[in-house]
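Residue-level listing of the chains:
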Amino acid sequence: MRTRDDNKIQAIRAHAVEMIVKQGFDGFSMQKLAKAAGVSPATLYIYYKDREDLIMQLWAASFSAMATATLKNFDPSMSFSEGLRVQWLNRAKYCLKYPQEMQFMEQLRHSPLQEKALEMVDGGFKNAMYTFVNNAIKKNELVKVQLEVYWSIAFAPMYNLVKFHLEGQSIGGKKFTLTDKVLHETLALVIKALTP
Amino acid sequence: MELLILKTNINNKRQVKTVAPLLNRQARIARWNIDLHDVDKILRIEAAELHADTVVQLITEAGFFCEELHD
């Protein structure tokens, strides 16, 4: 049996994410990936059963890295404002460091592979999120609204600021840089909105 | 267990069904799949002591193109 080469796998992953982000799933082929990563197409099939297996393994690795980063120093029993602050900083930091991985996960969520991808997600992350929200509602630190409303208020503002920052501009092409001050100002407003 | 990676022109599920019995009949083949989503329509075989030429002959006789890809 041929041996696993971790450096090769790293190169394959990095190039695959880049290629999918830049050219979409339709423009992504094993042959093009092999060329970009400097390996033969045969090598790709040593590590991955097929194209879909490769994409799903990429997703699993990206999601797990994102989840680990988000949960760093986080505890679901934290007070709502403290827990949300930790998550904001963790999530923003991760997005700014790995914008392509975030973009790739977003693309996958809008692809036919979405259902399969959700099945693969480890329950630990989801559980931590649910426990945190339920605790906060019980302690009367968070208004009781449906999940979609909660998420849209709690996290979408942060992701939008990150998006402005990565694009280097906001509305009408105005130059924008995300600073700690802006992030904390927005977080304070979000907490205010979600406090009963 | 060894891995054989072959490029084919097996294009769709119907054609996969044509070659499936031929591959399933091979006792040395533990597992196989064809990547229909990829341009090279890769036939990936996990087998014990099976020569690529045997597979190439098998698939070619069924009327398809087949060629081993090397590292």
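This text follows the structure it describes.
Parameters at a glance
Residues numbered from 1 in each chain as written. Chains lettered and ligands numbered in written order. Predicted model: local features only at pLDDT ≥ 70, side-chain atom pairs only at ≥ 80, totals over all residues. Helix = DSSP H or I, 4+ residues; strand = E, 2+ residues; numbered from the N terminus. Contact = placed C-beta atoms within 7 Å. Rg over C-alpha atoms; globule rule 2.2 N^0.38 Å. Nonpolar A, V, L, I, M, F, W, Y, C, P; charged D, E, K, R; others polar. Buried ≥ 20, exposed ≤ 12 C-beta atoms within 10 Å, placed from the backbone. Pairing = 2+ DSSP bridges. Axes fitted to C-alpha atoms, helices over the stretch in contact; angles between N-to-C directions. Parallel < 35°, antiparallel > 145°, perpendicular 65-115°, else oblique. Left-handed = near helix turned anticlockwise from the far one by under 90°. Core = buried A, V, L, I, M, F, W, Y, C linked by C-beta atoms within 7 Å. Expected span 1.5 Å × (residues − 1).

Draft legend 1. Broad picture of the overall build of chain A. Secondary structure summary: chain A contains 11 helices and 0 strands in total. If you list the helices and strands of chain A from N to C, you get α-α-α-α-α-α-α-α-α-α-α. By its C-alpha atoms, chain A is 60 × 40 × 30 Å across when sized along the principal axes. Look at the contacts in chain A between residues 6 or more apart in sequence, and 61% of them connect residues 24 or more apart.

Draft legend 2. Layout of the overall build of chain B. When helices and strands are tallied, chain B shows 2 helices and 4 strands. Listed by position from the N terminus, the elements making up chain B come as β-α-β-β-α-β. Relative to the 2.2 N^0.38 estimate, which gives 11 Å for 71 residues, the radius of gyration of chain B is 11 Å and therefore close to what a compact globule would have. Looking at chain B alone, contacts between residues at least 24 apart form 59% of all its contacts between residues at least 6 apart.

Draft legend 3. Just the interface of chain B and chain A, in detail. Contacts between the two partners involve 14 residues from chain B and, on the opposite side, 15 residues from chain A. Across the side of chain B that touches chain A, the residue classes break down as 6 nonpolar, 3 polar and 5 charged.

Draft legend 4. Inspection of the pairing of strand β3 (residues 43-47) of chain B at higher detail. Residues and elements named next belong to chain B. Among the 5 residues of β3, 4 are classified as buried, and the element is accordingly described as predominantly covered. When strand β1 (residues 2-8) meets β3, the two strands line up antiparallel, connected through 5 bridges. Its bridge partner lying in β3, L3 is registered against E46. Inspection of the sheet shows strand β2 (residues 29-34) paired to β3 by 5 bridges, in the antiparallel sense. Paired with R31 across the bridge in β3 is E46.

Draft legend 5. Seen up close, the pairing of β1(B). Sheet topology places β1(B) next to strand β4 (residues 66-68) of chain B; 3 bridges connect them, and they run antiparallel. Its bridge partner being in β4(B), L6(B) is matched across the sheet by E68(B).

Draft legend 6. Structural context of the environment of K126(A). For K126(A), the position within the fold is in helix α8 (residues 123-138). Residue classification places K126(A) among the exposed residues on the basis of 12 C-beta atoms within 10 Å.

Draft legend 7. Quick peek at the packing of helix α1 (residues 6-23) of chain A against helix α2 (residues 30-37) of chain A. Residue and element names in this part refer to chain A. Closest axis-to-axis distance for the α1/α2 pair is 9 Å, and the angle between their directions is 125°. When the interaxial angle is binned, α1 and α2 end up oblique. Relative to α2, the crossing made by α1 is right-handed. When α1 is examined against α2, the residues A11, I12, H15, A16 and M19 are found in contact with a partner set consisting of K32, L33, A36 and A37. Tallied by class, residues from the contact of α1 with α2 come to 7 nonpolar, 1 polar and 1 charged.

Draft legend 8. Quick look at the nonpolar core. With 33 residues, the main nonpolar core has A16(A), L33(A), L44(A) and L6(B) as its most contacted residues. Excluding residues that lie within four positions of it along the chain, A16(A) makes contacts with L33(A), L54(A) and L58(A).

Draft legend 9. Geometry of unusual backbone geometry. Residue N140(A) is not a glycine yet carries a positive backbone phi of 60°. Among the structural elements, N140(A) can be located in the loop between α8 and α9 (147-154). Even without being glycine, E49(B) reaches a positive phi, approximately 45°. Locating E49(B) in the fold gives a position in the loop between β3 and α2 (52-61). C-beta crowding within 10 Å serves as the criterion here: with 7 such atoms nearby, E49(B) is assigned to the exposed category.

Draft legend 10. Here's a closer look at α8(A). Compared with the 22 Å implied by 1.5 Å per residue over 16 residues, the 22 Å span of α8(A) between its first and last C-alpha is a close match. Looking one or two residues past α8(A), N140(A) carries a phi angle of roughly 60°, positive in sign.

Draft legend 11. The sheet that holds β2(B), seen in detail. Residue and element names in this part refer to chain B. Reading across the sheet, the 4 strands line up as β2-β3-β1-β4 and stay open at both edges, with antiparallel pairing between neighbours. Here the strands that pair on one side only, and so sit at the sheet edges, are β2 and β4. Within the sheet, the average angular offset between the axes of one strand and its neighbour, ignoring direction, is 25°. Contacts from α2 reach β1, β3 and β4 within the one sheet, and its direction differs from that of β4 by about 170°.

Spatial relationships are all this shows, so hold off on functional conclusions.
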